[in-house]
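# Descriptive structure summary
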Amino acid sequence: MSSLETAYTFDAVPIEPVARGTTLIVTGPSLEGLREMLMSALVAQPTEGTLVVTADVDAPTAAEAYSSAGGDDSPGRLRMVDCSPESETTATEYVRPIADPADLTGIGMELSDLYEGFYADGCEHVRTGFYTLAPLLLYAEDVRSVFRFVHTVAGRVRSADGLCVCALDPDTQDERTVSSVTHVFDGKIELRRGEDGAQIRVLGLPNQPDGWLSYDPLSPSK
Amino acid sequence: MPSELTVICADGDDADRAATARALSDAGMRVQSVATVAAVRSGIDPDVDCVVTGFDFPDGDAYDVVNAVRDANPDLAVVVFSDASATDLPRPNQGGLVVEYLSKTMPDATERLVALVSQATTPNYQIAYPVPGDEDERIEALRRYDVEDSDAVGAFERLTKLVASHFDIDVAFVGLLDEHEERFVACEGANWETLAREDTICTHTILEESTMVVENVREDPRFAANDRLAELDIRSYAGVRLTTPEGHAIGALCCIDDEPREYSDAEIRDLELFGEEANEQLRLRRRLDDSVGSSG
């Protein structure tokens, strides 16, 4: 079995494959391509599924971003929990609206249900993404419930050999909270604006390139 | 391993409860079947690894079960196993009751439940606080220290008395962070013995190398909603990590006051010096214990 069969690969983000069961947080300014990078990291290979919790934009907008990144957004391949404020998304088998981003109980149960649905459909490897964690942190009555929520998702992903990628613009949150939340994840990808455009670097994961790398969020491939 | 797990199986419906309990038992788990929220509350003990619950009970619902579990053991995972869809289940009044969920209508639902319970009992699965990347090694390192004997406690009591006096604060303590709770080895100015990890500031202190200062707990989003800190009159905090020679953070030496308080650079340096003294005491305990172990 090749290493690529035991890892998640990325066609449009310049990082090496990561082991199944890995959880990542992607931090950086939204205006520098945070959403584009998250969606690129979530683009599924033919045998995989993608599950997105969208809290900043509604489900149709998130699906469009996923499609633009090269993902197959057809029903069933892409499944979503839409907890964006003022969303008018209608519930379907594969898209579950949650009226309030503070409702971590509902978001978590719908996420579990959609994840189990992938198993039931014979798909064992799921890429799960959050765009972004900011509303969950902002609206939560107690940040400890967000820690519990993220740990639960991370635990499921680790046990199920999945991949979890959460986006967060650190400028939207208290830096102490961002620092603490980062510890829940196995690794971190930082996005910043460099002199010649966007750059990324990977922290905390083995076998990844060192230092800052140029990154073009509009490029569909390396 | 499933054969080592003890699971509370709670369901208000007799037939559903029996079927779920049978599935878990057939997988080699020890199962305690209960029919009420009250029975869940009285059944939680340190041997329980996970709680599987239906939704409806004669004395409440699954969210009451979650609250009962979290009151007794905040780190214990709860799986809601219901024939109602996630979309149709009523939502709790509180938004933060995070659980695992599995629909009984899923194909191979009982097999998936066994798998889900197994994964929900992995370390840190449903905890409400961050842990350091070296958590397993840190806990293992902590087990090598014996600070419960009177000599060690006396040394830490003298140190915390000195710290409280030096900074003119209400409380000074040395706390060690076990797997699920902080254990106060010495506590000048209060009678605290243990505190759940999710309620402690020290859980965050051990994440960073620098000394942690929280000038006003109510204005820090990590702690502002923490009722336990308010109950204990913890309004300001400064804590320095206590580490093993290998660098694992096993606890903290801390200053507490019931008013917002700033710490100058000089005061932080003083606290770090006190912390070095506490570290020396800890290392002495380990060296003595290692030598006792090797000679005995």
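Each remark here, short or long, concerns the structure printed above.
Residues numbered from 1 in each chain as written. Chains lettered and ligands numbered in written order. Predicted model: local features only at pLDDT ≥ 70, side-chain atom pairs only at ≥ 80, totals over all residues. Heavy atoms only, no water.

Another aspect to go through is the interface of chain A and chain B. Opposite the 35 residues of chain A that make contact, chain B presents 44 residues. Counting each side, the surface lost to burial between chain A and chain B is near 3,400 Å², with a carbon and sulfur contribution of 53%. Ranking the residues of chain A by area buried against chain B places M109(A), R144(A) and R148(A) at the top, with a combined share of 24%. The interface formed by chain A and chain B includes seven salt bridges. Counting the contacts that link chain A with chain B gives 18 residue pairs in polar contact (both at pLDDT 80 or more). Elements represented by at least two residues in the side of chain A that touches chain B include exactly helix 3 (104-120), helix 5 (143-159) and helix 6 (175-182) of chain A. Class assignment of the residues belonging to the side of chain A that touches chain B gives a composition of 10 nonpolar, 13 polar and 12 charged. (Contact = heavy atoms within 4.5 Å. Buried area = accessible area lost by both parts, 1.4 Å probe. Salt bridge = Lys/Arg side-chain N within 4 Å of Asp/Glu carboxyl O. Polar contact = N/O pair within 3.5 Å; in protein donor to acceptor, adjacent residues only side chain to side chain. Helix = DSSP H or I, 4+ residues; strand = E, 2+ residues; numbered from the N terminus. Nonpolar A, V, L, I, M, F, W, Y, C, P; charged D, E, K, R; others polar.)

Right, let's get into the sheet that holds strand 11 (residues 212-214) of chain B. All names here are of chain B. The strand order 10-9-8-13-12-11 describes an open sheet built from six strands, whose pairing is antiparallel. Strands at the two margins of the open sheet, each flanked by one partner only, are strand 10 (194-196) and strand 11. Averaged over all neighbouring strand pairs, the angle between strand axes comes to 25°, with direction disregarded. Relative to strand 10, strand 9 (residues 181-188) runs antiparallel, the two being bridged by three bridges. Looking at the pairing, R183 lines up with T194 of strand 10. Packed onto the sheet, helix 5 (residues 135-142) meets strand 8 (171-177), strand 9 and strand 13 (249-257) and runs at close to 110° relative to strand 8. Against the sheet, helix 6 (residues 150-167) contacts strand 8, strand 9 and strand 13, and its axis sits at roughly 70° relative to strand 9. (Pairing = 2+ DSSP bridges. Axes fitted to C-alpha atoms, helices over the stretch in contact; angles between N-to-C directions.)

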